[in-house]
Amino acid sequence: MKWYSLLSTIIFGGLLLLAGCNGQDSFVNSDGFTTESTDTDTGVVIRVHIPTDTITIADRITLDVNFQWAPPANPVLVSPNFDELDWTLIDTSTATPKLDNGKYSAQISYTLEPFLAGEYAIPSITLDIFSNNESKEYQLQSSPMTVTVLSVIDPADTGEISTPYDFMDASVLQTLESHSFVVPAFVTGMILFACMLILWIKYRNKPEQTTPLSAQILLNQVAHEEYDNPVQGYSRLHKALMLLDSQLLGTSEIHSFVQVCERAQFSLDQASTISPSSMAQHTLELLGQQNGSNA
């Protein structure tokens, strides 16, 4: 055997010893970080992918586990325990297995969330491989990975809350502090103004209470008062009559008094010879009779 053939054999054998039975590889691409492991006996391949190796404590990361096999190999995924590594498992999703050129592929995705800043391990993902022709069991593992979790708090932050007026000149800031009472006083004034406005709106058009007592008071005033302008007397009497209860207002006498008052407000020529005081006195007598009968 020539020397170069012997050298090639030695190098090839050394590479096989270094690789071992299972081939493992890790590589970085534009989509993130991926590790790939292959079982040389069964041809089963497992790929583990993360989109990045650096996140913050406010982020989540998705771990995609993809494995391929061909019969008679039958791989079974061993569920990783993320709790031991301080990850919080948020969600797990499984894609439907696919068949392509006699090979099956399946994918499981894990959504993980960190708790504190630090270095977090992505554990080795394990496949237990069974063969339909043999009772022998194989095991395939991916390479572990590390994710760096950064804090969202600036390390230089001492916890002090800075004033929002840092951009102002010192003299302006001093003026604002010396007049710090202005804002509370303004707010208090606005509240008082709103309360007064509500009270004014509530009571500005408060109607006069229409009780028999108010009608009787007006009737007494008309009965004992002389008016320089007779129209004013008829107008006051009409107002008093309209305050009476519906039963008394519906009588023929009171109804006729109302008609007299309405005509007199348009023209005294249409009014009767009965004065407002006389009609008011007569109405008071009817009102007294009604109160007496009710009693």
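Before reading on, note that the structure itself is shown above.
Residues numbered from 1 in each chain as written. Predicted model: local features only at pLDDT ≥ 70, side-chain atom pairs only at ≥ 80, totals over all residues. Heavy atoms only, no water.

### Examining the overall build of the protein chain
Here is the rule we go by: For the purposes of this entry, the term helix denotes a DSSP run of H or I that reaches at least four residues, the term strand denotes a run of E that reaches at least two, and both are numbered from the N terminus. Under the scheme applied here, a residue whose accessible area is under 20% of the maximum for its type counts as buried, over 50% as exposed, and between as partly exposed, the area being computed with a 1.4 Å probe on protein chains only. Note on definitions: a residue-residue contact is assigned when non-hydrogen atoms from the two residues lie within 4.5 Å. Here, Shrake-Rupley sampling with a 1.4 Å probe gives the accessible areas, and only protein chains in the shown set may cover a residue.
For the protein chain, the count of helices and strands is eight helices and 13 strands. Within the protein chain, the proportion of its 295 residues that are buried is 27%. Contacts in the protein chain between residues far apart in sequence, at least 24 positions, make up 60% of those at least 6 positions apart. Here the protein chain has roughly 19,900 Å² of accessible surface; of this, 57% comes from carbon and sulfur atoms.

### Quick word on the sheet that holds strand β6 (residues 73–78)
The test is simple: Two strands are counted as paired when DSSP detects at least two bridges linking them. Only the contacting stretch of a helix is used when fitting its axis, a line to C-alpha atoms as for every element, and angles between N-to-C directions run 0 to 180 degrees.
With antiparallel pairing, the three strands of this open sheet are ordered in space as β6-β11-β12. Either end of the sheet is taken by a strand with one partner, and the two such strands are β6 and β12 (137–141). Taken over all neighbouring pairs, the strand axes of this sheet differ in orientation by 25° on average, direction set aside. Inspection of the sheet shows β6 paired to strand β11 (residues 126–131) by six bridges, in the antiparallel sense. In the strand pairing of β11, Leu77 is matched with Leu127.

### Concerning the environment of Ala240
Of note, Ala240 is situated in helix α5 (residues 230–242). Taking the C-alpha atoms as reference points, Ala240 and Ile217, 23 residues apart in sequence, are found 8.3 Å from one another. Setting aside residues up to four positions removed in sequence, Ala240 forms contacts with Ala215, Leu218 and Leu219.

### Quick notes on the sheet that holds strand β13 (residues 145–150)
Strand order across the open sheet formed by three strands is β4-β13-β10, with mixed pairing between neighbours. The sheet is open, and its two borders are formed by β4 (54–56) and β10 (118–122), each paired with just one other strand. Strand-to-strand, the axes of this sheet are offset by a mean angle of 35°, without reference to chain direction. Pairing analysis gives three bridges linking β4 to β13, with the strands arranged parallel. Residue pairing across strands places Ile55 opposite Val149, the latter belonging to β13.

### Topic: the pairing of β11
In terms of burial, β11 is largely enclosed, as five of its six residues are buried. Where β11 and β12 come together, five bridges link them in antiparallel fashion. Looking across to β12, one finds that Ile129 is bridged to Tyr138.

### Here's the deal with the pattern of salt bridges
Counted only if it meets this: When a carboxyl oxygen of Asp or Glu lies within 4 Å of a side-chain nitrogen of Lys or Arg, that pair is called a salt bridge.
Applying the stated criterion across every chain yields a total of two salt bridges. The closest approach of N and O atoms between Arg47 and Glu36, which form a salt bridge, is 2.7 Å. Residue Arg47 is found in strand β3 (residues 45–50), and its partner Glu36 is found in strand β2 (residues 32–39); the two are separated by 11 residues along the sequence. On the basis of relative accessible area, Glu36 is assigned to the partly exposed category, the value being 22%.

### Digging into a nonpolar patch on the surface
Under the convention used in this document: Candidates for patches are residues over 30% relative accessible area with no salt bridge; among them, like charges are joined within 9 Å and nonpolar side chains (Val, Leu, Ile, Met, Phe, Trp, Tyr) within 5 Å.
There is a patch of nonpolar side chains on the surface, built from Phe186, Val187, Met190 and Ile191 and spanning about 400 Å² of accessible area. Note on placement: Phe186 falls in helix α3 (residues 182–203).

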